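Residue-level structure breakdown
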Amino acid sequence: MQDLNELLAKIGEIKAEIEAGSAELTTSKAVYEFKKTFLDSKQGKISALMKEMRNIPKEQKQDFGKNVNAAKEWALSYFDELDQKMKAEELRQRYESEKVDITMPAKKVKYGNLHPITTVRNQLSDIFMSMGFDVFEGTEIETDYYNFTALNTPDDHPARDMQDTFYLSPEFLLRTQTSAGQVHVMENKKPPIKVISPGKVFRSDDDATHSPMFSQMEGLVVDKGINLCDLKGMLTMFSKQIFGEDTKTRLRPSYFPFTEPSVEVDVSCFQCGGAGCKLCKGTGWIEVLGAGVVNKKVLENCGIDSNEYSGFAFGLGLERIAMLKYGINNIKMLFESDLRVLDQIDD
Ligand code: FA5
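These numbers come from a predicted model, not from an experiment. (Residues numbered from 1 in each chain as written. Predicted model: local features only at pLDDT ≥ 70, side-chain atom pairs only at ≥ 80, totals over all residues. Heavy atoms only, no water.)

**Considerations on the packing of helix 5 (residues 116-130) against helix 10 (residues 318-326)**
Worth spelling out the cut-off: Geometry is summarised by axes, namely lines fitted to C-alpha atoms with helices restricted to the contacting stretch, and by angles between N-to-C directions that run from 0 to 180 degrees. Runs of E in the DSSP output that reach at least two residues are strands. Runs of H or I that reach at least four are helices, and both are numbered from the N terminus. To sort the angles, those under 35 degrees are grouped as roughly parallel, those over 145 as roughly antiparallel, those from 65 to 115 as roughly perpendicular, and the leftovers as oblique. In what follows, a contact means two residues having at least one pair of non-hydrogen atoms within 4.5 Å. Side-chain classes are defined by residue name, with Ala, Val, Leu, Ile, Met, Phe, Trp, Tyr, Cys and Pro counting as nonpolar, Asp, Glu, Lys and Arg as charged, and the others, Gly among them, as polar.
In contact at an axis separation of 9 Å, helix 5 and helix 10 are set at 100° when each is read in the N-to-C sense. Taken together, the axes of helix 5 and helix 10 are roughly perpendicular relative to one another. Only Leu318, Glu319, Ile321, Ala322, Lys325 and Tyr326 of helix 10 make contact with helix 5, whose side of the interface consists of Pro116, Ile117, Thr119, Val120, Arg121, Gln123 and Leu124. For the contact of helix 5 with helix 10, the per-class residue count stands at eight nonpolar, two polar and three charged.

**Digging into the site of the ligand**
Applicable threshold: Proximity criterion: a residue is near a molecule or strand once any of its heavy atoms comes within 4 Å of it. Pairing of N or O atoms within 3.5 Å defines a polar contact, subject to two protein rules: one partner must be a possible hydrogen donor and the other a possible acceptor, and residues neighboring in sequence count only if both atoms are side-chain atoms. Accessible surface is estimated by sampling points in the Shrake-Rupley manner with a 1.4 Å probe; for residues, cover comes only from the protein chains shown.
Neighbouring the ligand are 23 residues, the closest being Gln177, Ser179, Arg203, Ser211 and Gln216. Serine 179 places a polar side-chain atom, nitrogen or oxygen, 2.8 Å from a nitrogen atom of the ligand. One of the side-chain nitrogen or oxygen atoms of glutamine 216 is found 3.0 Å away from an oxygen atom of the ligand. Relative to its free-state accessible area of 680 Å², the ligand is covered by the protein chains to the extent of 91%. Only strand 5 (213-223), strand 8 (285-294) and strand 9 (310-317) provide two or more residues apiece to the shell around the ligand.

**Focus: the state of the cysteines**
What counts here: When two cysteine sulfur atoms lie within 2.5 Å, the pair is treated as a disulfide.
Inspection of every chain in the model, using the stated rule, returns zero disulfides. Here cysteine 269 stays unpaired: no disulfide links it, and the sulfur of cysteine 272, its closest cysteine neighbor, is 3.6 Å away.

**A short note on unusual backbone geometry**
Omega for the peptide link from proline 191 to proline 192 comes to 5°, which places this bond in the cis form. Checked against the element boundaries, proline 192 lands in the loop between helix 7 (180-188) and strand 4 (193-202). For the bond running from glutamate 260 to proline 261, omega is 0°, close enough to zero to count as cis. Among the secondary structure elements, proline 261 is positioned in strand 7 (residues 259-268).

**Considerations on the sheet that holds strand 4**
Quick note on the threshold: Strand pairing requires that DSSP identify at least two bridges connecting the strands.
Read across the sheet, seven strands follow the order 1-4-5-9-8-7-6 without closing on themselves; strand pairing throughout is mixed. The outermost strands of the open sheet, each flanked by one partner alone, are strand 1 (134-135) and strand 6 (249-256). Pairing of strand 6 with strand 7, which is carried by seven bridges, proceeds in the antiparallel orientation. Looking at strand 7, one finds that phenylalanine 256 is bridged to threonine 259. The sheet strands contacting helix 7 are strand 4, strand 5, strand 8 and strand 9, and the helix crosses strand 5 at an angle near 35°.

Pasting the structure below:
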């Protein structure tokens, strides 16, 4: 037979054990586990006390039961309170660790930038459009007629050798110059004409400054009384805008079958100002484009009266302008998509 006093003392010990043990607890999970050692219906120490009931003298059973129940109630509310405290502390710690400091400098978001050829093309288009030029985009596949014959370069003309051509068939080819667009424009529109035509062109050409695929921009102006002075004035304005206010322009005699007279256009070196440096190979001048007064035969081929109208045309290489502007010494760098190069060119 158990002595009631002994069992009551045991209840006291359990309470003391709960109070001492909970001081060590640091998480709500640990509280849950600790609580189970006392209140688990099968193995809990308080639940086990109830099993002692059979050893208590009958007249003490009620008293004993009341005490065990009171201890159980006490333990439940004790653990409840502890659990709430622990969860509140855990929440506080979580808020602390997840706090966002809105005064911290933001992480830099990396945006892409336009390819240098696209940038140059956009800049040139903006300049010419601000002078009133329209844009005509021709096709990359052309007929021999538009690329050569209509441009005063018939089959047996030696000037055909100036451009090594990719033929797709005897009639069709990959255009070697945006000049092919001149003919389409003049066939479809009567003067006054003021148009630029940017696009890809193709030649069997490959070295540090020449690529089999490159980009050109053609310019064509046809109206009454247009002459070489208009070309020079327009190109001087254009060069100042693209290379800087102090840039000077000079024309050198050249030859293109579709212009007469024909010129190469040089700009004063924008790196040394004309004194001579590596970029201009000591000459003080950099060649940027080919141009000239539209050959009367080309106007006539397109059905434009060459006694009434005259015009000028020019053609420049976009890669060449990009290489000069951004100090690129090998044209391949513009086609290799190497981000270490492209990242540095963000105009
Ligand atoms: C022409 O293509 C003429 N159609 C330009 C023209 C237009 C003259 C209108 C008169 C009137 P040229 O072959 O020189 O000309 O080429 C023009 C520019 O294209 C050159 O100055 C050069 O910058 C560029 N270019 C020529 N070949 C290549 C190549 N393989 N790779 C990169 N750029 C090239």
